[in-house]
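Structural overview for review
For reference, the chains in residue letters:
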Amino acid sequence: MKINKFVIGGIFILGAVVFLIWSSTAANSEYFLTIDELNAKGASIANKNLRVSGAVIGDTIQYDTNSLTLTFEVAQVPGDNSLIESQGGLAAVLHQAVLDPSRARMKVVYVGPKPDLLRNEAQAIMTGHIDADGVFHADELLLKCPTKYEQAVPKQAG
Amino acid sequence: MIADFGYGVLVVTFIVTLYSIFAAIYGEQKKSAALVESARRAMLLTWPLLTLAAGILIYLLINNHFEVQFVYEVTSRSMPTYLKVTAWWGGQAGSLLFWSWLMSAFASLVTLRKWDRDREFLPWVIVVACVTLAFFVGMTIFFENPFKQLFQTVDGINPFTFQPANSILFTPQDGRGLNPLLRHPGMVIHPPMLYLGFVSFVIPYAFAMAALITGRTDDRWIRITRRWTLWAWLFLSAGLVLGSRWAYDVLGWGGFWGWDPVEIAAFMPWLTGTAFLHSVMIQEKRGMLKHWNMLLIIITYDLVIFGTFLTRSGVLSSVHAFAQSAIGPFFFLFIGLTLITSVALIIYRWDKLRSETEMTSMLSREALFLLNNLLFISILVVCFWGVIYPLISELFTGQKVTVGPPFYLRATGPLFAALIFLMGVAPLSAWGHSTLKTLGRAIWKPTVGAILITIALYLTYTHNLYAILGFFLIALVILVTIYEYWRGAYARQKAQGENVFVAFWNLTKRNRRRYGGYIIHLSISLMAIGILGINLFQTETQGTIGVNDSMHIAGYTMKYKDVASWDNAPAGVNYTRATVSIYGKDGTYLGDLHPRKDYYFDAQQPMTIPGQLASLKDEVYVILIDWQPINQAGTTFKIFVNPLINWMWIGSFLFLFGIIIAAWPDEDPERVAVRADKSLKQTSAAD
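Residues numbered from 1 in each chain as written. Chains lettered and ligands numbered in written order. Predicted model: local features only at pLDDT ≥ 70, side-chain atom pairs only at ≥ 80, totals over all residues. Heavy atoms only, no water.

Remarks on the overall build of chain B
For chain B, the helix and strand inventory stands at 20 helices and 14 strands. Here chain B has a C-alpha radius of gyration of 28 Å; the compact-globule value for 687 residues is 26 Å, and the two agree. By principal-axis analysis of the C-alpha atoms, chain B measures approximately 80 × 75 × 60 Å. Per-residue burial for chain B yields a buried fraction of 61% across its 687 residues. When the accessible surface of chain B is totalled, it reaches about 27,500 Å², and 66% of it is carbon and sulfur. (Helix = DSSP H or I, 4+ residues; strand = E, 2+ residues; numbered from the N terminus. Rg over C-alpha atoms; globule rule 2.2 N^0.38 Å. Buried < 20%, exposed > 50% of the residue type's maximum accessible area, 1.4 Å probe, protein only. Areas by Shrake-Rupley, 256 points an atom, 1.4 Å probe, with all protein chains shown as cover.)

What about the packing of helix α8 (residues 202-214) of chain B against helix α11 (residues 290-311) of chain B?
Helices that pack against each other are described as a pair by the angle of their axes relative to one another and the distance between those axes. All names here are of chain B. Interaxial distance between α8 and α11 falls to 9 Å at its minimum, and their mutual angle equals 135°. When the interaxial angle is binned, α8 and α11 end up oblique. You can see that α8 and α11 cross each other, and the crossing is left-handed. Contacts from Val202, Pro204, Tyr205, Ala208, Met209, Ala211 and Leu212 of α8 reach α11 at Met294, Ile297, Ile298 and Tyr301. Residues belonging to the contact of α8 with α11 are distributed by class as follows: eleven nonpolar, no polar and no charged. (Axes fitted to C-alpha atoms, helices over the stretch in contact; angles between N-to-C directions. Parallel < 35°, antiparallel > 145°, perpendicular 65-115°, else oblique. Left-handed = near helix turned anticlockwise from the far one by under 90°. Contact = heavy atoms within 4.5 Å. Nonpolar A, V, L, I, M, F, W, Y, C, P; charged D, E, K, R; others polar.)

Re the pairing of strand β1 (residues 149-153) of chain B
Residues and elements named next belong to chain B. Of all five residues that make up β1, four are buried, and the element is covered over most of its length. Across five bridges, β1 lies against strand β2 (residues 156-160) in antiparallel orientation. When the bridges of β2 are listed, leucine 150 appears paired with proline 159. The hairpin formed by β1 and β2 contains two residues between the paired strands. Both β1 and strand β3 (residues 168-169) contribute to a ladder of two bridges, which runs antiparallel. In the sheet register, phenylalanine 151 faces β3, and the bridge partner there is leucine 169. (Pairing = 2+ DSSP bridges.)

Considering the nonpolar core
In terms of nonpolar packing, the biggest core is built from 211 residues, with Phe72(A), Met106(A), Met126(A), Trp99(B) and Trp221(B) touching the most fellow members. At 16 residues, the largest contribution of residues to this core is made by helix α9 (residues 220-251) of chain B. A domain-level breakdown of this core finds at least three residues from each of domain 1 (1-178) and domain 2 (539-647) of chain B. Those residues in contact with Phe72(A), other than ones at most four positions away along the chain, are Val56(A), Thr60(A), Ile61(A), Met106(A), Lys107(A), Val108(A), Leu118(A), Ala124(A), Met126(A) and Leu141(A). If you look at the next biggest cluster of nonpolar residues, it comprises 18 residues, including Met551(B), Met558(B), Ala578(B) and Leu593(B). (Core = buried A, V, L, I, M, F, W, Y, C linked by side-chain atoms within 4.5 Å. Domains from an automatic or database assignment.)

Quick notes on a nonpolar patch on the surface
Residue and element names in this part refer to chain B. Together, Trp444, Val448, Ile451, Leu452, Ile455, Tyr458 and Leu459 line one region of the surface with nonpolar side chains, adding up to about 730 Å² of accessible area. Positionally, valine 448 belongs in helix α15 (residues 436-460). Taking relative accessible area as the criterion, valine 448 reaches 40% and is therefore assigned partly exposed. (Patch = residues over 30% accessible without salt bridge, like charges linked within 9 Å, V, L, I, M, F, W, Y side chains within 5 Å. Salt bridge = Lys/Arg side-chain N within 4 Å of Asp/Glu carboxyl O.)

Some details on the sheet that holds strand β12 (residues 611-614) of chain B
Residues and elements named next belong to chain B. One open sheet holds the four strands; their spatial order is β5-β14-β13-β12, and the pairing between them is antiparallel. One side of each edge strand has no neighbouring strand; the edge strands of this open sheet are β5 (539-545) and β12. Averaged over all adjacent pairs, the angle separating strand axes in this sheet is 15°, with direction ignored. Taken together, the four bridges between β12 and strand β13 (residues 618-626) define a ladder with antiparallel strand orientation. Looking across to β13, one finds that alanine 614 is bridged to glutamate 619. Together, β5 and β14 (635-643) form the strand contacts of helix α18 (residues 512-537), whose direction differs from that of β14 by roughly 130°.

Digging into the pairing of strand β2 (residues 50-64) of chain A
All names here are of chain A. Most of β2 sits inside the fold, with eleven of its 15 residues counted as buried. Direction of pairing for strand β1 (residues 29-33) relative to β2: parallel, over a ladder of three bridges. If you follow leucine 33 over to β2, its bridge partner there is valine 52. Where β2 and strand β5 (residues 123-130) come together, six bridges link them in antiparallel fashion. Counted as the bridge partner of leucine 50 is glycine 128 from β5. Strand direction decides the pairing type here: β2 and strand β3 (residues 69-75), joined by six bridges, are antiparallel. Bridging from a neighbouring strand, isoleucine 57 pairs with glutamate 73 of β3. Here β2 folds back onto β3 in antiparallel fashion, the turn holding four residues, of which leucine 68 has a positive phi close to 55°.

Some points on unusual backbone geometry
Positive phi, close to 55°, is recorded for Leu68(A), a residue that is not glycine. Checked against the element boundaries, Leu68(A) lands in the loop between β2 and β3. Of note in the backbone geometry, Trp259(B) takes a positive phi value of approximately 55° without being a glycine. Relative to the elements of secondary structure, Trp259(B) occurs in the loop between α9 and α10 (261-286). Taking relative accessible area as the criterion, Trp259(B) reaches 12% and is therefore assigned buried.

A look at the environment of Leu536(B)
By the secondary structure assignment, Leu536(B) is in helix α18. Distance in space between the C-alpha atoms of Leu536(B) and Asn642(B) is 9.6 Å, their sequence separation being 106 residues.

Some points on the layout of surface pockets
Vacant regions in the atomic arrangement are exposed by a probe of water-molecule size rolled over the atoms. One number sums up the size of the second largest pocket: a volume of about 950 Å³. Phe6(A), Ala367(B), Leu370(B), Leu371(B) and Leu374(B) are, among the 33 residues lining the second largest pocket, the residues nearest its centre. Looking at the lining of the second largest pocket, the elements with two or more residues in it are α1 (2-28) of chain A together with α11, α13 (365-397) and α14 (405-425) of chain B. It is α1(A) that provides the largest number of residues to the lining of the second largest pocket, a total of ten residues. (1 Å grid on protein atoms, 1.4 Å probe; cavity = no way out; pocket = protein on both sides within 12 Å on 5 of 7 lines; lining within 4 Å. Points joined across faces, edges and corners; volume = space filled by probe spheres on them.)

Some words on the pattern of salt bridges
Residue and element names in this part refer to chain B. Taken as a whole, this structure holds 23 salt bridges over all chains when the rule is applied. A salt bridge links glutamate 120 to arginine 216; the nearest nitrogen and oxygen atoms lie 3.0 Å apart. Placement of the pair is glutamate 120 in the loop between α5 (92-111) and α6 (122-142) and arginine 216 in the loop between α8 and α9, with a sequence separation of 96 residues. The shortest N-O distance in the salt bridge between glutamate 484 and arginine 487 comes to 2.4 Å. With glutamate 484 and arginine 487 both in helix α16 (residues 465-496), this residue pair falls three residues apart, about one helical turn.

Quick notes on α16(B)
Two residues of an α-helix separated by three or four positions point the same way, owing to the 3.6 residues in each turn. Residues and elements named next belong to chain B. Its 32 residues give α16 an end-to-end C-alpha distance of 46 Å, which sits within 8% of 46 Å, the value for a rise of 1.5 Å per residue. Taking the backbone nitrogen of tyrosine 466 as reference, a side-chain oxygen 2.9 Å away marks asparagine 464 as the first, capping residue of α16. Residue glycine 497 follows α16 closely and has a positive phi angle near 65°. (Expected span 1.5 Å × (residues − 1). Polar contact = N/O pair within 3.5 Å; in protein donor to acceptor, adjacent residues only side chain to side chain.)

Re α11(B)
Here α11(B) is 22 residues long and its end C-alpha atoms lie 32 Å apart, about the 32 Å a rise of 1.5 Å per residue gives. Counting buried positions along α11(B) gives 19 out of 22 residues, so the element sits mostly inside the fold.

Details of the side chain of His291(B)
Residues and elements named next belong to chain B. Structurally, histidine 291 is set in helix α11. Owing to a relative accessible area of 18%, histidine 291 belongs among the buried residues under this scheme. A distance of 2.9 Å separates a polar atom in the side chain of histidine 291 from the backbone oxygen of tryptophan 350. When sequence neighbours within four positions are dropped, the list of residues in contact with histidine 291 reads Ile346, Trp350, Leu353 and Arg354.

Section: the packing of aromatic side chains
Each pair of aromatic rings is reported with the distance of its centres and the angle of its planes. All names here are of chain B. Considering all chains together, one arrives at 52 aromatic pairs over all chains under this definition. Ring geometry for phenylalanine 98 versus tryptophan 101: centroids 6.2 Å apart, planes at 25°, classification stacked. A residue pair is termed a helical-turn pair when its members lie 3 or 4 positions apart in one helix, as phenylalanine 98 and tryptophan 101 do in helix α5 at three residues. For phenylalanine 98, a relative accessible area of 3% puts it in the buried group. Residue class for tryptophan 101 comes out partly exposed when judged on its relative accessible area of 21%. Their ring planes at 5° and their centres at 5.8 Å tell us that tryptophan 115 and phenylalanine 207 sit as a pair that is stacked. Here phenylalanine 207 lies in helix α8 and tryptophan 115 lies in the loop between α5 and α6, a separation of 92 residues in the sequence. Among the residues examined, tryptophan 115 registers a relative accessible area of 3% and is labelled buried. By the ring-pair criterion, three or more aromatic residues cluster together here, those being Trp99, Phe135, Phe136, Phe306, Phe309, Phe331, Phe332, Phe334 and Phe384. Between the NZ or CZ atom of arginine 216 and the centre of the ring of phenylalanine 121, over which it lies, the distance is 5.2 Å. (Phe/Tyr/Trp six-rings, centres within 6.5 Å; stacked < 30°, edge-to-face > 60°. Lys NZ or Arg CZ within 6 Å of the ring centre and 35° of its normal.)

What follows is the structure in structure tokens.
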């Protein structure tokens, strides 16, 4: 009898936690996609919460300081870590992606301060949604500059 | 040459730790005290050895030995000396060495204690500490050698541990320099604090394993490591707080916690550690939950290893991620092996760990502590789920799906609220047996007080339902805590004839863990005020204005006065600094702020430093977004108003202070524990 009330209490708490996790996951999931995958999905993905990663193309970065509107283009990079490794690491993959004009590209719009790490060949991880014209509206912008840490071989001095 | 010597020292350290492991196990098997003693001395040797290795690395860092790959990657000529030293933990290879060095220091400290009464634990504590140490030193030797040098061969320039044939040493002109974002005092101490916390949790784990292996499964291991656990918790908490403050001051996005996987990785051992701190008290007082405590410390240990790994690898996308590296599989292997071994040991000792008493009342102190533990573990599960969800979803659906901050806020919010409510109720419940009636008698006064405060806040401050509920819970905890403190002091005052202040002082001194704990509860409530404030009431605005123009937000006015830009050539930085004045509602002048943008030439990276005007009510947080000398349109600012945020930082200070009170060494912990037992019986029975 005494055990029962604790067991019931435990099951109740467990149920509550499972419900919390399940409902919060359902409400807040973001699909992690590469640009190629995004293009393949087409209209089915419009206005869903998405998380897309790509290589920033430096020449396309434009910042309108009046409206704080940042626009730039990103190029397709693979999402799979082992694939990135086999192509010589993230820095090399990002470098390739920016140089290769045949890669799929995507236009990104973001309103807010221009992040310090935004520059050519940075990896951008953007959260937001894509509109009917294929422009990605980012609510959140995360940047990584692997070249800063990873490039094993320094440029020849002198 | 010096670098080769450093590598040699690491190899020797590795061999010494392996020897220590085998000598301890073999000595224990053969009942040879001399061999165990030899193992102990071998372990004591690891600290001087690793100190030497670290000294060599620091020498190389300070003296611009860019032929060493690690030095090249984390320093540059323009960096001041103190930053060159702290660059030690600015990259993966160095931070693994740093981890090992701290680990050996703590292992040495613990072996130097008096072992008379706990001889049988010694060999196994050595084994666990040295296995952990060997793993980390092994990582630096085989995969992440900080002493790798750059050699030019026909294939180009590459880092090598040993000079390859037909190659010459290559010395770059200058290093790449530490990321400017990391050149901040907060970042200088944040990683060491976090690592100290990580490493010191290894010690309670080592004793837990020793207790399981030897079969001495009473609460001795808990009593020995009680203070270690508290210090570990202090360092981990300080690491988290400093990291938050750094993010708030340097990252310039107006907040301090982004539910980034790496933040969560550091937060997870904190959650289990906090649960552990509470549940060991039940074992000490009531002889219950022994399996649970073992499990908690094992999970904490493996989360610590997991956390170290996450912060130093690129498995999950994160602002903290430094690089992909080869060490991932080995970390998972190590975590897997230690987890399986430890859990197998619990199952092996299952019967010995049975509870001595049974839980009867749902409202007893131990039942509420258990509930507290379940809540902490639930938050852990939420966090863990969030971190690994992308991997799980990819496994099952082939589609990577992630969850962001809204997920965590929504899933953990109710759990945190329940925890705060428990903080209000649990201190008033009694061990063994409480009923609604006894509890109700103790809690009604603080509850009435909290309701009055909430009504006052509803009338004057906010109508937001979540905020009202939050403020009610916070007020309840604060009042209960003060009430408990006051009751204790009042009892002393009457019984001993002491004045109020002496009574407070003696009360705390007599039972540090209890009253230190109350200070911690109090400070958590203060931090909760700040967290509620920034999550529910933060407002922001942005715009481009000219000199002498103004922007308005939440009753504040910002007037743009001036901007200047200049180079600091020796430091390799360009500073752009604006001056703005902040005015309050009725036009009163509140102060000048100087939001800044620093541009580091070597890293080609700007760094945004906000101007902050702090008060207990609000903080005005101004970011200089853009300024161009030729731009006629003006200068672009973003302003946040973060209500109540400073309660977060005040709470943080009080929090660390409370842990220090709880963890401060006593003359004789054993005797105090006995006395505390008695005084607890006097004060905790809900009167």
